[in-house]
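Spelled out from the first residue to the last, the chains are:
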Amino acid sequence: MDQVLEFISNHYLLVAAWVFTLIMLLMAESRKSGKSVSPAIATQLINKENAVVLDIRANKEWANGHITSAINIPLADLDRRIGELEKHKTHPIVVVCNLGQSASAATKKLKDAGYNAVRLSGGMTEWKSQSLPVVK
């Protein structure tokens, strides 16, 4: 630990540049992936704005439990099946994956196609940890 502190004090400009670069990288990645919403906000979108839940997990994971009324289009099939969401283009779409990371790519694709898409932060793992309803 002493060596780390000594390195930082001797190379403070280098460390500052590294921290700045890291922050800029994280900000760029968060912008690319689109807005994320908590399970509470997702619930409000579903109940008050008729948001559509798009579950991009594989069929096997979907069968183990999903959010009520969710549509399942695995991420690998999204490019081919995006037309199935056309009738929901006027409503927000909440994209759900297992941990909230894969949803970034799907959210970007949907936004590029003109959809109002957000991703569920923490994915189904967070949804279940908050004891929100899941159907099989």
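Everything that follows concerns the structure shown earlier in this document.
Because the structure is a prediction, the values reported are computed rather than measured. (Residues numbered from 1 in each chain as written. Predicted model: local features only at pLDDT ≥ 70, side-chain atom pairs only at ≥ 80, totals over all residues. Heavy atoms only, no water.)

Asker: Can you tell me about the pairing of strand E2 (residues 52-55), naming the residues and giving the values?
Answerer: Burial along E2 is two-sided: the face carrying Val-52 and Leu-54 and the face carrying Val-53 and Asp-55 are both buried. Pairing of E2 with strand E4 (residues 93-96) involves four bridges; the strand directions are parallel. Bridge assignment links Val-52 to a residue of E4, and that residue is Ile-93. Here two bridges tie E2 to strand E3 (residues 71-72), and the two strands are oriented parallel to one another. Within the sheet, the bridge partner assigned to Leu-54 lies in E3 and is Ile-71. (Buried < 20%, exposed > 50% of the residue type's maximum accessible area, 1.4 Å probe, protein only. Helix = DSSP H or I, 4+ residues; strand = E, 2+ residues; numbered from the N terminus. Pairing = 2+ DSSP bridges.)

Asker: Describe helix H6 (residues 103-112), naming the residues involved and giving the relevant values.
Answerer: Every α-helix carries 3.6 residues per turn, so stepping three or four residues along brings you back to the same face. Taken as a whole, H6 has its buried residues at Ala-103, Ser-104, Ala-106, Thr-107 and Leu-110. Relative to the axis of H6, the buried residues are bounded by an arc of 165° and lie together on one face. Taken from the residues just after H6, Gly-114 is the one with a positive phi, measuring 95°. (Arc of directions from axis to C-beta.)

Asker: Which residues make up the environment of Arg-81, and what values go with them?
Answerer: Within the fold, Arg-81 resides in helix H5 (residues 78-81). According to the relative accessible area criterion, Arg-81 is partly exposed, its value standing at 22%. If we skip the residues at most four places from it in the chain, Arg-81 touches Asn-72, Ile-73 and Pro-74. Within the structure, the side chain of Arg-81 is placed 3.4 Å from the backbone oxygen of Asn-72, a separation counted as a polar contact. (Contact = heavy atoms within 4.5 Å. Polar contact = N/O pair within 3.5 Å; in protein donor to acceptor, adjacent residues only side chain to side chain.)

Asker: So what's going on with the environment of His-91? Which residues, and what values?
Answerer: Here His-91 shows up in the loop between H5 and E4. Judged by relative accessible area, His-91 falls into the partly exposed class, the value being 26%. Expressed as a C-alpha distance, the spacing of His-91 and Val-52, which sit 39 residues apart in the sequence, is 6.8 Å. Setting aside residues up to four positions removed in sequence, His-91 forms contacts with Glu-49, Asn-50, Val-52 and Asn-116.

Asker: Explain unusual backbone geometry to me, using residue names and the numbers behind them.
Answerer: Located in the positive-phi region is Ser-69, a residue other than glycine, with phi close to 65°. Relative to the assigned elements, Ser-69 resides in the loop between helix H4 (59-63) and E3. What makes Ser-69 exposed here is its relative accessible area of 67%. In this structure, Ser-131 is a non-glycine residue whose phi angle is positive, near 55°. For Ser-131, the position within the fold is in the segment after helix H7 (123-129). For Ser-131, a relative accessible area of 65% gives the class exposed.

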